[in-house]
Amino acid sequence: QLPPQAVGLSLGLTQAGGGQAGAACPGHLNRAVFSQLISSFRDAADYNRRMSRLSFKEQVLRAREDAIIASVNRLLADKGFDLMTVDEVAADVGIAKASLYKHFPSKEALAAAAMVRLMDRTQAVVDQQAARTGATALDRLQALTRWALETQLAGEMPTVPSQNSTLRAELMAHKGYLDAILRVSDTLGAWILDAQAQGDINPGLPPEVVLYTIYAR
């Protein structure tokens, strides 16, 4: 996820002034993937803040890993887990399959990384809604559901099979993913209870049913 102003990485980026998307696309990255990475950051300050603590080598590896996850996210949204292949991901990013395996040892690990990134994005939206002043619980729930549907319609919502035991094990072993699931669920659960208390959601519905319905979107 590289902003246009990112300078100094061995990926061959050139500086773009004024926040414009003028960075040169590195030869080893697919242009569509590169464009997606550029648009994913709103400004270079956020990128520099996140990357400044890393060494030069770590910055290069992180940038490549972000490119891989962005590609996996798009392929999962477009084709699904079963039809996506590791070879396809490597070709889409523009790296050798062996290089990809240095970051993610399996197809399941790739999909898990995309789901972890999705939960990070979801948590950010939840935090944004929680900070809204004057918004009701129903307003926040509607805004989150709208974001989820818009993300899905834009082809940016990865889909993975629920019955894949290896993939499930990958996710269950990821503390950050589990923590995010719990935080988001707790927050949404509190909003649902508030909306029911205010009469905006039928209080006769079990809160778990409402929560699962939102997750299903």
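First things first, this report covers the structure right here in the doc. (Residues numbered from 1 in each chain as written. Predicted model: local features only at pLDDT ≥ 70, side-chain atom pairs only at ≥ 80, totals over all residues. Heavy atoms only, no water.)

Focus on the overall build of the protein chain
Scanning the protein chain from terminus to terminus reveals ten helices and zero strands. Sorting the 217 residues of the protein chain into buried and exposed places 45% on the buried side. Taking contacts inside the protein chain between residues at least 6 apart in sequence as the whole, the part at least 24 apart equals 62%. Carbon and sulfur atoms make up 52% of the accessible area of the protein chain, which totals about 11500 Å². (Helix = DSSP H or I, 4+ residues; strand = E, 2+ residues; numbered from the N terminus. Buried < 20%, exposed > 50% of the residue type's maximum accessible area, 1.4 Å probe, protein only. Contact = heavy atoms within 4.5 Å. Areas by Shrake-Rupley, 256 points an atom, 1.4 Å probe, with all protein chains shown as cover.)

Examining helix 4 (residues 86–93)
An α-helical turn contains 3.6 residues, so any two residues separated by three or four positions project in the same direction. Taken together, the buried positions of helix 4 are Val86, Val89, Ala90, Asp92 and Val93. End-on, the buried residues of helix 4 take up no more than an arc of 165°, which puts them together on one face. Taken from the residues just after helix 4, Gly94 is the one with a positive phi, measuring 95°. (Arc of directions from axis to C-beta.)

Side note on the packing of helix 9 (residues 175–197) against helix 10 (residues 207–216)
Helices that pack against each other are described as a pair by the angle of their axes relative to one another and the distance between those axes. Where helix 9 contacts helix 10, the two axes come as close as 10 Å, and the packing angle between them is 125°. As judged from the angle between their axes, helix 9 and helix 10 are oblique. Between helix 9 and helix 10 the crossing geometry is right-handed. Contacts between helix 9 and helix 10 pair Ile181, Val184, Ser185, Leu188, Ile192, Leu193 and Gln196 from the former with Pro207, Val210, Leu211, Ile214 and Tyr215 from the latter. (Axes fitted to C-alpha atoms, helices over the stretch in contact; angles between N-to-C directions. Parallel < 35°, antiparallel > 145°, perpendicular 65-115°, else oblique. Left-handed = near helix turned anticlockwise from the far one by under 90°.)

Things to note about the packing of aromatic side chains
A full pass over the atoms with the stated rule returns zero aromatic pairs. Positioned above the aromatic ring of Phe81 is the side chain of Lys107, whose terminal nitrogen or guanidinium carbon lies 4.5 Å from the ring centre. (Phe/Tyr/Trp six-rings, centres within 6.5 Å; stacked < 30°, edge-to-face > 60°. Lys NZ or Arg CZ within 6 Å of the ring centre and 35° of its normal.)

Section: the nonpolar core
Ranked by size, the top nonpolar core spans 46 residues in total, and within it Ile68, Val72, Val89, Leu100, Leu110, Leu141 and Leu188 carry the most contacts. Every element with two or more residues in this core is listed here: helix 3 (56–79), helix 4, helix 6 (107–130), helix 7 (137–153), helix 8 (165–172), helix 9 and helix 10. Contacts of Leu110, omitting those with residues within four sequence positions, involve Ile68, Val72, Val86, Val89, Leu100 and Phe104. (Core = buried A, V, L, I, M, F, W, Y, C linked by side-chain atoms within 4.5 Å.)

Let's talk about the pattern of salt bridges
Tallying each qualifying case throughout the model produces six salt bridges. Note that Asp66 is salt-bridged to Arg117, the shortest N-O span being 3.1 Å. Here the residue Asp66 occupies a position in helix 3, and Arg117 occupies one in helix 6, the gap between them amounting to 51 residues. Here Lys97 ties to Asp87 by a salt bridge, and the two come within 3.3 Å at their closest N and O atoms. (Salt bridge = Lys/Arg side-chain N within 4 Å of Asp/Glu carboxyl O.)

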